[in-house]
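# Descriptive analysis of the structure
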Amino acid sequence: MASSSMSSSWTHKQNKIFERALAVYDKDTPDRWQNVAKAVGNKSAEEVKRHYDILVEDLMNIEQDLVPLPKYKTVDVRSKSRGISNYDLRLMKNLRI
């Protein structure tokens, strides 16, 4: 996946700020990457643009089913060890998705 080749590391907090800044500074905003970099802090406009490009590439790979789904453990939803009450079980039984 493309994100593993990033040259600069991003903290969870920086990623969250980056995501919010993308919502504030859309593609039509003048000096978008400078504004996003300023919001994130400690990143240049070039770094945030590269981070965005990697994000877009990752999303395209996911949408094209090029990224395998994780293998989750199966869990018995009736298990009391998961803290599920009888009431919750009744709600889930009638849940329609």
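Every value quoted in this text rests on a predicted model; they were computed, and no experiment measured them.

Turning our eyes to something else, we now look at the packing of helix H2 (residues 32–40) against helix H3 (residues 45–63). Running from N to C, H2 and H3 cross one another at 100°; their axes reach a closest spacing of 8 Å. Compared by their axis directions, H2 and H3 come out roughly perpendicular. Across the interface between the two elements, Arg 32, Trp 33, Gln 34, Val 36 and Ala 37 from H2 touch Ala 45, Val 48, Lys 49 and Tyr 52 from H3. Among the residues making up the contact of H2 with H3, the classes are represented as six nonpolar, one polar and two charged.

Let us look at the nonpolar core. If you look at soluble globular proteins, the nonpolar side chains tend to sit buried side by side. By size, the foremost hydrophobic cluster in this structure holds 10 residues: Trp 10, Phe 18, Ala 21, Leu 22, Trp 33, Val 36, Ala 37, Val 40, Ala 45 and Val 48. Residue assignment for this core shows that the elements contributing at least two residues are helix H1 (12–24), H2 and H3. With four residues, H2 is the largest single contributor of residues to this core. Apart from the residues lying within four places of it in its own chain, the contact partners of Ala 37 are Lys 43, Ser 44, Ala 45 and Val 48.

Turning our eyes to something else, we now look at the confidence of the model for the protein. Interpretation of the predicted coordinates at a detailed level should be avoided for regions scoring low in pLDDT. Looking at the protein, the pLDDT average stands at 83 and 71% of residues meet or exceed 70. By mean pLDDT, helix H4 (residues 86–93) is the weakest element of the protein at 68, and H2 is the strongest at 97. Across residues 1–7, where pLDDT falls below 50, the model places 10 contacts with residues more than four positions away in sequence or in other chains.

All right, on to the pattern of salt bridges then. Using the criterion set out here, one finds two salt bridges in the structure. A salt bridge links Glu 19 to Lys 16, with the shortest nitrogen-to-oxygen separation between them at 3.4 Å. One end of the pair is Glu 19 and the other is Lys 16, both in helix H1 and three residues apart, which spans about a single turn. Take Lys 16: its relative accessible area is 35%, and that puts it in the partly exposed class. Two residues, Lys 49 and Asp 53, come together in a salt bridge whose shortest N-O distance is 2.7 Å. A residue pair is termed a helical-turn pair when its members lie 3 or 4 positions apart in one helix, as Lys 49 and Asp 53 do in helix H3 at four residues. Assessed through its relative accessible area of 36%, Asp 53 is described here as partly exposed.

Both trends apply: most residues other than glycine have a negative phi, and most peptide bonds are in trans. Of note in this structure, Asp 31 is not a glycine but carries a positive phi near 55°. With respect to the helices, strands and loops of the structure, Asp 31 is situated in the loop between H1 and H2. Although it is not a glycine, Asn 42 sits at a positive phi angle of roughly 60°. By secondary structure assignment, the location of Asn 42 is in the loop between H2 and H3. Accessibility expressed as a relative area gives 77% for Asn 42, which makes it exposed.

Conventions adopted
Residues numbered from 1 in each chain as written. Predicted model: local features only at pLDDT ≥ 70, side-chain atom pairs only at ≥ 80, totals over all residues. Heavy atoms only, no water. Axes fitted to C-alpha atoms, helices over the stretch in contact; angles between N-to-C directions. Helix = DSSP H or I, 4+ residues; strand = E, 2+ residues; numbered from the N terminus. Parallel < 35°, antiparallel > 145°, perpendicular 65-115°, else oblique. Contact = heavy atoms within 4.5 Å. Nonpolar A, V, L, I, M, F, W, Y, C, P; charged D, E, K, R; others polar. Core = buried A, V, L, I, M, F, W, Y, C linked by side-chain atoms within 4.5 Å. Buried < 20%, exposed > 50% of the residue type's maximum accessible area, 1.4 Å probe, protein only. pLDDT = per-residue confidence, 0-100. Salt bridge = Lys/Arg side-chain N within 4 Å of Asp/Glu carboxyl O.

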